[in-house]
Each structure stands twice: as structure tokens, then as C-alpha cells.
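Tertiary structure, described
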Amino acid sequence: MKIFTKHELIEKLKAIRELGWIRNTRKGNDGSVGNMLEDLLGIEENNLPIPNSAEWELKCQRKKTNSMTTLFHMEPSPRALKIVPSLLLPKYGWEHKEAGKKYPLNEKSFRQTISTRERSDRGFKVAVDKSEKKVLISFDVSAVSKNHKKWLDGVVDKVGNTELNPQPYWGFEDLFHHAGTKLHNCFYILADTKTDKRTAFFKYENIYKLSGLSLEKFIDAIERGDILIDFDARTGHNHGTKIRCRNSEILKTLYSEVEEI
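Throughout what follows, the structure given in this document is the object of discussion. (Residues numbered from 1 in each chain as written. Predicted model: local features only at pLDDT ≥ 70, side-chain atom pairs only at ≥ 80, totals over all residues. Heavy atoms only, no water.)

**Points about the overall build of the protein chain**
The line we're drawing: To qualify as a helix, a DSSP run of H or I must reach at least 4 residues; to qualify as a strand, a run of E must reach at least 2; elements of each kind are numbered from the N terminus. Each residue gets one of three labels from its accessible area relative to the maximum for its type: buried under 20%, exposed over 50%, partly exposed in between, using a 1.4 Å probe on protein chains only. Whether two residues touch is decided by their heavy atoms; if any such pair falls within 4.5 Å, the residues are in contact. Methods summary: accessible areas were calculated by the Shrake-Rupley approach with a probe of 1.4 Å, and residue burial reflects only the protein chains presented. Neither His nor the chain termini are counted; the positive set is Lys and Arg, and the negative set is Asp and Glu. By convention, the point assigned to a charge is CZ for Arg, NZ for Lys, CD for Glu and CG for Asp.
Scanning the protein chain from N- to C-terminus turns up 7 helices and 14 strands. Its C-alpha atoms put the protein chain at 60 × 50 × 30 Å along the principal axes. Relative to its full complement of 261 residues, the protein chain shows a buried share of 45%. The contacts of the protein chain with a sequence gap of at least 6 include a subset with a gap of at least 24, amounting to 68%. Per element, the accessible surface of the protein chain, about 13,900 Å² overall, is 45% carbon and sulfur. Separation of charge centres in the protein chain, based on 44 positive and 37 negative side chains, amounts to 5 Å.

**Remarks on the sheet that holds strand S6 (residues 124-129)**
The strands making up a sheet associate through backbone hydrogen bonding, with each pair oriented either parallel or antiparallel. We count it as follows: Two strands qualify as a pair provided that DSSP identifies no fewer than 2 bridges between them. To get an axis, fit a line to the C-alpha atoms, keeping to the stretch in contact for a helix; angles then go from 0 to 180 degrees between the N-to-C directions.
Strands sit in the order S6-S7-S8 across an open sheet of 3 strands; the sheet is antiparallel. Both edges of this open sheet fall to S6 and strand S8 (169-171), since each of them pairs with a single strand only. Adjacent strand axes in the sheet meet at a mean angle of 20°, parallel and antiparallel pairs treated alike. Inspection of the sheet shows strand S7 (residues 134-139) paired to S8 by 3 bridges, in the antiparallel sense. Pairing of Leu136 across the sheet is with Tyr169, part of S8.

**Regarding the nonpolar core**
Nonpolar side chains tend to gather and get buried jointly when the protein is soluble and globular. Note the cut-off: Among buried residues, those of type Ala, Val, Leu, Ile, Met, Phe, Trp, Tyr and Cys that are joined through side-chain atoms within 4.5 Å constitute a nonpolar core.
Counting 47 residues, the largest nonpolar core has Tyr92 and Phe218 as the members making the most contacts within it. It is helix H3 (residues 83-92) that contributes the most residues to this core, 6 residues altogether. In contact with Phe218, other than residues within four places in its own chain, are Leu71, Phe72, Leu175, Ala179, Ile227, Ile243 and Leu254. Counting residues in each nonpolar core, the second largest holds 19 residues, with Phe4, Ile10, Leu37 and Leu41 among its members.

**Looking at the side chain of Glu107**
Basically, it comes down to this: N or O atoms closer than or at 3.5 Å make up a polar contact, with two conditions inside protein: a donor-capable atom paired with an acceptor-capable one, and, for residues adjacent in sequence, both atoms drawn from side chains.
Topologically, Glu107 is positioned in the loop between strand S4 (94-95) and strand S5 (108-114). Residue Glu107 is classed as buried on the basis of its relative accessible area of 4%. Within the local environment of Glu107, its side chain forms a polar contact with the backbone nitrogen of Thr235, the two atoms lying 3.5 Å apart. Beyond its immediate stretch of four places on either side in the chain, Glu107 contacts Trp94, Glu95, His96, Ala99, Arg234, Thr235 and Gly236.

Structure follows, in C-alpha cells:
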């Protein structure tokens, strides 16, 4: 595997940009645009080999996509309680759509993406408490859609009609420390896409060098609802809790230095 200096990586990315439209040889949808770029760079997946410097992350996304960008994975505190599989899934989970088919009859799901902007139809929302320096998950029975009455009745039977207890949260400093290990510095590439005779082509046009991840900007983005919490768990497996941003423009607002190459 080739080792890059930052300068060499920038020059290689510029050379890839000069190639114009490149035929996709990877399978999949949104993820393939990043996988193809890694292939073109000759690097392993999710491993950007730049030695003797602060950590750098490589992120790539299609232009004009509705897909969110996953920033990193991080389970909520109190972590010792393993709160997703021990509280959210058994107490607040609902029947998995594949229960009795692909999975056992008692398979439950807790899968939803939530933010500060509004409560989900199951009553969940992200809240920011700046005095306690916490990002929390909140639940309100009065906000649950009538479509979920049967599910809500089951929840109330188990835990009552109160707020989550304990309330899942991420401390500002823990959240920022974890973000810093993945996103402190980032090369961010946006690609145009087209399809010709069912074959996808990518053109890696916009290259950004992002540095100086800002805690204040990160928390502000959560408070605005631009960064979301994505739970993806079922009885048989917790796929991990993701911290995600709505679109490519949001990612650039999190850094103190943004340079377009």
C-alpha cells in the first residue's frame, strides 16, 4: 500500500480530477463513490496513510444526493449500561418488519434518525443542554402518533409515561474527543455522477481540505438540527449509533479552515 505525504495526496487527487468521467467498477449505491476513489488512490478502505502528521480522514460523496454523511459511530452514555440494547431496544423497541420471516417472532427494532428540529412520530427528539454540556435523547408520550397507539400502550405498561430513565446522552467533551479522532482533519471530495447503459460513471470534481474541527461549531450544528443521531438496532444485532450530518455543505461549516483545492 502506498504511503502519501499531504502534498502527494493532493497532487494525486488533482490527477484523478483531470481524468474526468471514470467508470464505476464497484457494486453498491452511495458507498461506491468513495470505494472507487480509494481504489484509484490504491489505499485500503477507511485507511488514509499519511504518516508523521495529525490524523486525516478521507470522505467522499455524490453531488445532489439526499443521503446524509456519516461522521462517526458513538454509543450514548452511560456506556457501561449498554443503553441501546438494554433500555431502548427492549423497552421502546417495536416489532421488526422481518419478525417471523428472516428473524425470530420476537425480533424487535429500534431504528430511527432524529434531531433537535422535531420529535419523531414515536416521540423521540435530540436535546442540547449547554449548562450540563450534554446532548441528550428525549421521549414524550404526548408526541407519539396515533398510528403507534398499540406500541405506546406497551411502552407505558413497561416504563410508564415519563421521560427516559436513565436518559441517553453524549457529553460535549467526550463527543468532541471522539469526533476529533476521526474528523480533526479531513479531505472531502464531491463527485458528479451519471449513468450510461446502466453503468455508473463518477467525476471527482470538488476537493476540499478541512482542518481545525471546532467544538462550538459542532455543538451549534447539533442544536440547529443539521447533525442528527441515527439509531440502527434490532434484537439480534446493534449496528451502531451513527452521528450524521444532513448534507455536504454542513460538514464544511464544522471547521475553522476550509480550503478548496
